[in-house]
Amino acid sequence: MLRIILLGAPGVGKGTHAVELSKEFGLVHVSSGDIFRDAIKSGRSIGETLKGYMDKGELVPDRIVNEIIIDRLNRSDCEKGFILDGYPRTINQAKIFDNALQEMEQKIDMVLNLVADEKVIKFRLTGRRICRNCGGNFHIVNIPPKNDGICDYCSGELYQREDDKGGTISNRLTVYKEQTAELISYYREKGILKTINAEVDRLETYRDIVRLLRK
Ligand code: AMP
């Protein structure tokens, strides 16, 4: 049983790897971004608030994020282990999360820090396409669907996330550098950080991660 955090800039590939890892290791994939997008889609009142921050590429306030994610991690399916993608994203979230873990008598086994150059990240973000139906991840060049605009897995319609367009990307990368990157030293000091080169081929990166987790 494993409890893992994936760290790294938006677009570095956390979501893509998390989906594969969750299948291979039998873990629950907990993506804060996906949970928020689902809340928006379902028309719940919190959705309006979340959308306001997300469309601008700003972080949702810690208080809201912590409550939603810790609540999710307390559900029984997470007893088999989880892979966190997109949370925590600030030092404050990490500290609150540490307290919650202590209360749950759990600990994180490994924090995987995925690293790639900013140019590569921007290319991945602008070309990313998501399936409206199953959430499958594609890229118009790197992971093209067999048929244009159609999901390989479920034939759903592929779309471009609003925050993967134009200026919002730059804003998200700035927010990452200013508020999230400091988590790297936070987890390094705890002795659980592993750095992964995510600039190379996706399958090579994936193999490196699996090797680390199987050690
Ligand atoms: P992602 O899908 O991880 O790129 O997240 C999309 C957006 O959701 C981010 O740009 C933030 O607006 C919001 N978000 C996701 N996770 C967090 C978090 N841990 N803290 C604050 N905002 C978040």
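Above this text you will find the structure in question.
This text gives an overview of the structure that appears in the document. As the structure is a computational prediction, the values presented were derived from the model and not from experiment.

Gly-47, Leu-50 and Met-54 are the residues of helix H3 (residues 45-56) that are buried. Burial along H3 is one-sided: seen end-on, the buried residues are contained in an arc of 70 degrees. More than 90 degrees from the buried face of H3, the exposed residues found are Ser-45 and Glu-48. Gly-57 occupies a position one or two residues after H3 and carries a positive phi of about 80 degrees.

Let us look at the packing of helix H2 (residues 32-41) against helix H4 (residues 62-73). Here H2 crosses H4 at 100 degrees, and the two axes come no closer than 11 Å. Between H2 and H4, the crossing angle belongs to the class labelled roughly perpendicular. Judged by residue contacts, Ser-32, Ile-35 and Phe-36 of H2 engage Val-65, Ile-68, Ile-69 and Arg-72 from H4. Split by residue class, the contact of H2 with H4 holds 5 nonpolar, 1 polar and 1 charged.

The next point concerns the pairing of strand E5 (residues 128-131). Judged from the 3 bridges that link them, E5 and strand E6 (residues 137-139) form a sheet pairing that is antiparallel. Directly across from Arg-128, in E6, lies its bridge partner His-139. Taking the residues that link successive antiparallel strands as the turn, the E5-E6 hairpin has 5 residues, and the phi of Gly-135 there is positive, at about 80 degrees. For E5 and strand E7 (residues 158-159), the ladder comprises 2 bridges, and the chain directions are antiparallel. Pairing of Cys-131 across the sheet is with Leu-158, part of E7.

Pairing within the open sheet is antiparallel, and its 3 strands lie in the order E6-E5-E7. Each of the sheet's edge strands pairs with one partner strand only, and the pair in question is E6 and E7.

To continue, consider the packing of aromatic side chains. Evaluated as defined, the whole model comprises 3 aromatic pairs. Here the aromatic rings of Tyr-87 and Phe-97 are separated by 5.4 Å at their centres, their planes lie at 75 degrees, and the arrangement is edge-to-face. One end of the pair, Tyr-87, is in the loop between strand E3 (81-85) and helix H5 (91-103); the other, Phe-97, is in helix H5, and 10 residues separate them in sequence. Comparing Tyr-87 with Phe-97, the two get one shared label, buried. When the centroid spacing of 5.5 Å and the interplanar angle of 35 degrees are considered together, the rings of Phe-138 and Tyr-153 count as tilted. Linking Phe-138 in strand E6 with Tyr-153 in the loop between E6 and E7, this pair joins segments that are 15 residues apart in sequence. Seen from the ring of Tyr-159, Arg-132 lies directly overhead, with NZ or CZ sitting 4.4 Å from the centre.

Criteria and cut-off values
Residues numbered from 1 in each chain as written. Predicted model: local features only at pLDDT ≥ 70, side-chain atom pairs only at ≥ 80, totals over all residues. Heavy atoms only, no water. Buried < 20%, exposed > 50% of the residue type's maximum accessible area, 1.4 Å probe, protein only. Helix = DSSP H or I, 4+ residues; strand = E, 2+ residues; numbered from the N terminus. Arc of directions from axis to C-beta. Axes fitted to C-alpha atoms, helices over the stretch in contact; angles between N-to-C directions. Parallel < 35°, antiparallel > 145°, perpendicular 65-115°, else oblique. Contact = heavy atoms within 4.5 Å. Nonpolar A, V, L, I, M, F, W, Y, C, P; charged D, E, K, R; others polar. Pairing = 2+ DSSP bridges. Phe/Tyr/Trp six-rings, centres within 6.5 Å; stacked < 30°, edge-to-face > 60°. Lys NZ or Arg CZ within 6 Å of the ring centre and 35° of its normal.

By themselves, these figures tell us nothing about what the structure is for.
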